[in-house]
Structures are given as structure tokens and as C-alpha cells.
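So you can see what is in the structure, the chains are spelled out below.
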Number of protein chains: 2
Amino acid sequence: MTTTADRILDSAQTLVQVRGYNGFSYADISAELSITKPSIHHHFPTKAALAEALIARYRERFAVARKEVDDDAVGARQRLVGYAGLYAETFAQGGRICLCGVFAVDAESLPVQVRQATDAFFADQRQWVAGVLAEAGMPATRTGAAAEAYLASLEGALLLARAHGQPDGAAGQDRDVVRSVAATLVDALL
Amino acid sequence: MTTTADRILDSAQTLVQVRGYNGFSYADISAELSITKPSIHHHFPTKAALAEALIARYRERFAVARKEVDDDAVGARQRLVGYAGLYAETFAQGGRICLCGVFAVDAESLPVQVRQATDAFFADQRQWVAGVLAEAGMPATRTGAAAEAYLASLEGALLLARAHGQPDGAAGQDRDVVRSVAATLVDALL
DNA sequence: GTCTATAGCTCGATAGAC
DNA sequence: GTCTATCGAGCTATAGAC
């Protein structure tokens, strides 16, 4: 069962990840779902409230996906590569980038709660990566900076992939930038 | 001597780097420079034309700044660290991020020429970094991927720095995320 | 090259019927 | 919970005087 609120969030999330927070409107969601704008306002009274709901759901879902990587992967190396796969799969779905990467760029347009949630998302990711690096035997004095570097490289790789896939609607035959960058980092850090 | 066109570009570039391409308007430039919107249209008929001029100037200026790093730094390591300093200094100026990072996120809103120029900017940076890595003795089979990883980590570090500095207008006392990430990458790659 | 005035459109959001 | 109708503001852009 999918509620209308869920369908609105699905549409909005894709729009944010592809066009940016200031690059879509309620009219776009309205057209995609064939419901009117006031109906969307009924579920999410303001665009800011929609952004709050978006990032809350994104954090939950990302935590679940990361947990699956944790359960399936064996060893630190596989965990880090599997984690990078989450980012690569995002981009594979129509050239989307990380919702929080977009929210970081458009932070000035967003309410404080969303900015704080964006920061918290990254802090959460950094902590997880640092834990995996510690598991791999990296000294505790280095895991924090290394985790931040890994996270930065993944977010940045999405930007490079986006920029590269753009001239026209070209896509597909290109090398996987995200997985390549992740592999370089894993090899260099471990 | 500073022409009106230059002052418009200065204002617009800062606005894009702080708010995103869809997060500012001609009215913002008008207010900042105390000239009217039609005057801006006289110099840059459309917002798309303004974006074209912005990225053209950005590429030129970035090439000049990079050349200064090339002239001043001794050895590959210093060159890479000095290059990262260009990104760190950008963020130090009011939390700006790379213009091309913003344009990568907002690519869907931009004309094809600007998207291609954004891609070309990244290709240019990757080539330069790859050359420095080769100079440091890295085998040619690895320099391309390593350069892309370094570039991705710098662009991503700007996003993390932006997200982190955001809860309220907090700033200043924070650690330099960009330089930290760059140092981690340089140590790991060389 | 800068201005006043305004067109034409889209935006986020609201009122109120069903 | 969804709709029709609409508001007021902001947007990019243009016409035309100076």
C-alpha cells in the first residue's frame, strides 16, 4: 500500500535530486502524480515542511540500506565498497545525486531544521565509515579524517558524474565514476 | 578600472556560489549594486547568458590562480596542497563553494553550453592533477583515476564544510574541512 | 548605458465547496 | 482528501524615454 503522502515524497525526492531544491515546484509534482497543488499542500502545508519530511525519510531509508550492506558484506573492504555502491546506484537511477549533497548546496534556501538534519546525516555517515576503518585496523587518531575524506570523495564523485553525463542526454556507455573514485580511496586508505 | 559588467559578474558569482543558480535573481544583483534590473539585462540579456559569462571568467581566473600555485610551489606534494588551498580559500570567503560544483548540481536548469563548459572545467582540473601525480612518480595507468578521486574529494569537502557550518550563522572556530580532506588524500595517494 | 513602467508568467499558499 | 478558483508576490524579460 502506498499512501498519497508517500507518492508525493517519492516524486519530490527525485525532483530535488535531479533539479535541486529551488529547481522544482508543486506544479511539477502535481503534473507527475495527476493531483492538484492544493492536495499536495494538504499533506505538506509548505515547501519547507516537505523538505523536512524528505530528509527525515531519506535518513531512515539510508540507514536501512547501509544496514543491509553491513549484513551482507564480509570485512571492512567489502563494507566500504558496498557502501559506495549505494551512491553509485543513486546516480544510476536517472543521474540522481545524494539528497543531502543537494541540500548542502541549497542550504541558504532551507529552514534551520533541514540544515541541521543535513549536517547530522553527514555526521552519521562519517561515524559509520570511521567505525569500519577502525575495524580494518586503522588507528583511532586517523579514522575521523579518513572517513570524512571518503565521504567527501563519494559526494564529489556524484557531482563529477553529473557534470560528465550532461552534454545532451548522453548516458550509459560511460565508466562508473563513483565506483572508480571509491575504489581508489579504499585502495589508498587501507 | 572596474566595468559595470565586471561588477555584475562579481555579484552574480558570489550569489551562485552561496545560493545556487536557481536561488538568486536579477533583483538581488540590482539591490547589491544599486542599479536597475533592465541595466543588468543590457549587459547580460538573459540569465543563461550571464551563466555563460560567469563560467568563462571562472575558468580563466582559476587557470591563473592554478598557474600561481605552479610557480610558487616546489614539488608535487606542495603543488597538490597549494591547489587544495584554492578550494579552501573559496570556502573561507563567506562559505562559497566551487562555481562548477553548483553548476553540476543545477545542470538541468542550465543551457547546454554551460553544461559542457562545466564538464570541460573538471576535465581540465583532472588533467592538471594527473600531471602533478605523474611528476611525483605515479605510474601513468593510475594517474587518471587518482586525479579524479582528488578532485572529487575537494568538491565534496566543500559540500561537507557548507553543511557543517550551517546551523545558524555559526562560523570561524571550525576546523578546515577542505584542507584536512586534501591532506588525507595527498598522504594516501603519494 | 541607465532609467521608469510593465508585460506575461510561475511561484507558494489560501478559501471554501464537495 | 480532493477539487475549483484565486490571491499576492516574485520571476525573467521587453518597450521606450532620456
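What you are looking at is a predicted structure, and each value in this text was computed from that prediction instead of being measured.

Draft legend 1. Here's a closer look at the overall build of chain A. Of regular secondary structure, chain A possesses nine helices and zero strands. The secondary structure elements of chain A, listed N-terminal to C-terminal, are α-α-α-α-α-α-α-α-α. On C-alpha atoms alone, chain A measures out to a radius of gyration of 18 Å, which is about the 16 Å that the 2.2 N^0.38 rule sets for 190 residues. Taking the principal axes of its C-alpha atoms as reference, chain A extends roughly 55 × 35 × 35 Å. Split into buried and exposed, the 190 residues of chain A put 45% on the buried side.

Draft legend 2. Highlighting the environment of Ile29 of chain A. All names here are of chain A. Here Ile29 shows up in helix H2 (residues 26–33). For Ile29, a count of 23 C-beta atoms within 10 Å gives the class buried. Beyond its immediate chain neighbours, meaning those up to four positions away, Ile29 contacts Ile8, Ser11, Ala12, Leu15 and Ile40.

Draft legend 3. Representation of the relation of the copies chain B and chain A within the structure. Between chain B and chain A, the superposition needs a rotation of 180° and an axial shift of 0.0 Å, giving an RMSD of 0.0 Å. Such a combination of rotation and displacement between the chain copies is what one expects of a two-fold axis. Residue by residue, 100% of the interface of chain B is reproduced at the interface of chain A, so both copies engage with the same surface.

Draft legend 4. Broad picture of the UniProt feature "domain: HTH tetR-type" (unreviewed entry) in chain A. Mapped onto this structure's residue numbering, the UniProt feature "domain: HTH tetR-type" (unreviewed entry) falls at residues 2–62 of chain A. Helix makes up 77% of residues 2–62 of chain A and strand 0%, with an end-to-end C-alpha separation of 19 Å.

Draft legend 5. Quick peek at the protein's contact with DNA strand D. Close to DNA strand D lie 15 residues; Pro38 and His42 of chain A together with Ser25, Ala27 and Thr46 of chain B are nearest. For the surface near DNA strand D, the secondary structure elements donating two or more residues are helix H3 (37–43) of chain A together with helix H2 (26–33) and helix H3 (37–43) of chain B. When the residues that make up the surface near DNA strand D are grouped by side-chain class, the tally is six nonpolar, seven polar and two charged.

Draft legend 6. Expanded view of the protein's contact with DNA strand C. Taken together, 15 residues lie around DNA strand C, and Ser25, Ala27 and Thr46 of chain A together with Thr36 and Pro38 of chain B are the ones closest in. Looking at the surface near DNA strand C, the elements that each hand over two or more residues are H2 and H3 of chain A together with H3 of chain B.

Draft legend 7. Representation of the UniProt feature "DNA-binding region" (unreviewed entry) in chain A within the structure. Following the UniProt record, the feature "DNA-binding region" (unreviewed entry) maps to residues 25–44 of chain A here. From the first C-alpha to the last, residues 25–44 of chain A spans 13 Å; its make-up is 75% helix and 0% strand.

Draft legend 8. Layout of the packing of helix H9 (residues 177–189) of chain A against helix H8 (residues 140–164) of chain B. Where H9 of chain A contacts H8 of chain B, the two axes come as close as 9 Å, and the packing angle between them is 95°. Of the possible angle classes, the one that applies to H9 of chain A and H8 of chain B is roughly perpendicular. Together, Val177, Ser180, Val181, Thr184 and Leu185 of chain A of H9 of chain A and Ala145, Ala146, Glu148, Ala149 and Ala152 of chain B of H8 of chain B make up the contact between the two elements.

Draft legend 9. Layout of the interface of chain B and chain A. Every contact between the two is made by 46 residues of chain B and, on the other side, 46 residues of chain A. Of all the elements in the fold, those that place two or more residues in the side of chain B that touches chain A are helix H1 (4–19), helix H6 (99–105), helix H7 (112–135), H8 and helix H9 (177–189) of chain B. When grouped by side-chain class, the residues that make up the side of chain B that touches chain A number 24 nonpolar, 13 polar and nine charged.

Draft legend 10. Up close: the environment of Ser39 of chain A. Residue and element names in this part refer to chain A. Mapped onto the fold, Ser39 is located in helix H3. The class of Ser39 is partly exposed, set by 14 C-beta atoms lying within 10 Å. The spatial distance from the C-alpha of Ser39 to the C-alpha of Tyr26 is 10.0 Å, given a sequence separation of 13 residues.

Draft legend 11. Structural context of the nonpolar core. Residues Phe103 and Val178 of chain A together with Phe103 and Val178 of chain B are the most contacted members of the largest nonpolar core, which totals 120 residues. Among residues more than four places away in sequence, those in contact with Phe103 of chain A are Tyr21, Ile55, Leu110, Val114 and Thr118 of chain A.

Rules of the game
Residues numbered from 1 in each chain as written. Chains lettered and ligands numbered in written order. Predicted model: local features only at pLDDT ≥ 70, side-chain atom pairs only at ≥ 80, totals over all residues. Helix = DSSP H or I, 4+ residues; strand = E, 2+ residues; numbered from the N terminus. Rg over C-alpha atoms; globule rule 2.2 N^0.38 Å. Buried ≥ 20, exposed ≤ 12 C-beta atoms within 10 Å, placed from the backbone. Contact = placed C-beta atoms within 7 Å. Least-squares fit on C-alpha atoms with pLDDT ≥ 70 in both. UniProt positions renumbered as here; feature names shortened; annotations may be inferred. Near = placed C-beta within 6 Å. Nonpolar A, V, L, I, M, F, W, Y, C, P; charged D, E, K, R; others polar. Axes fitted to C-alpha atoms, helices over the stretch in contact; angles between N-to-C directions. Parallel < 35°, antiparallel > 145°, perpendicular 65-115°, else oblique. Core = buried A, V, L, I, M, F, W, Y, C linked by C-beta atoms within 7 Å.

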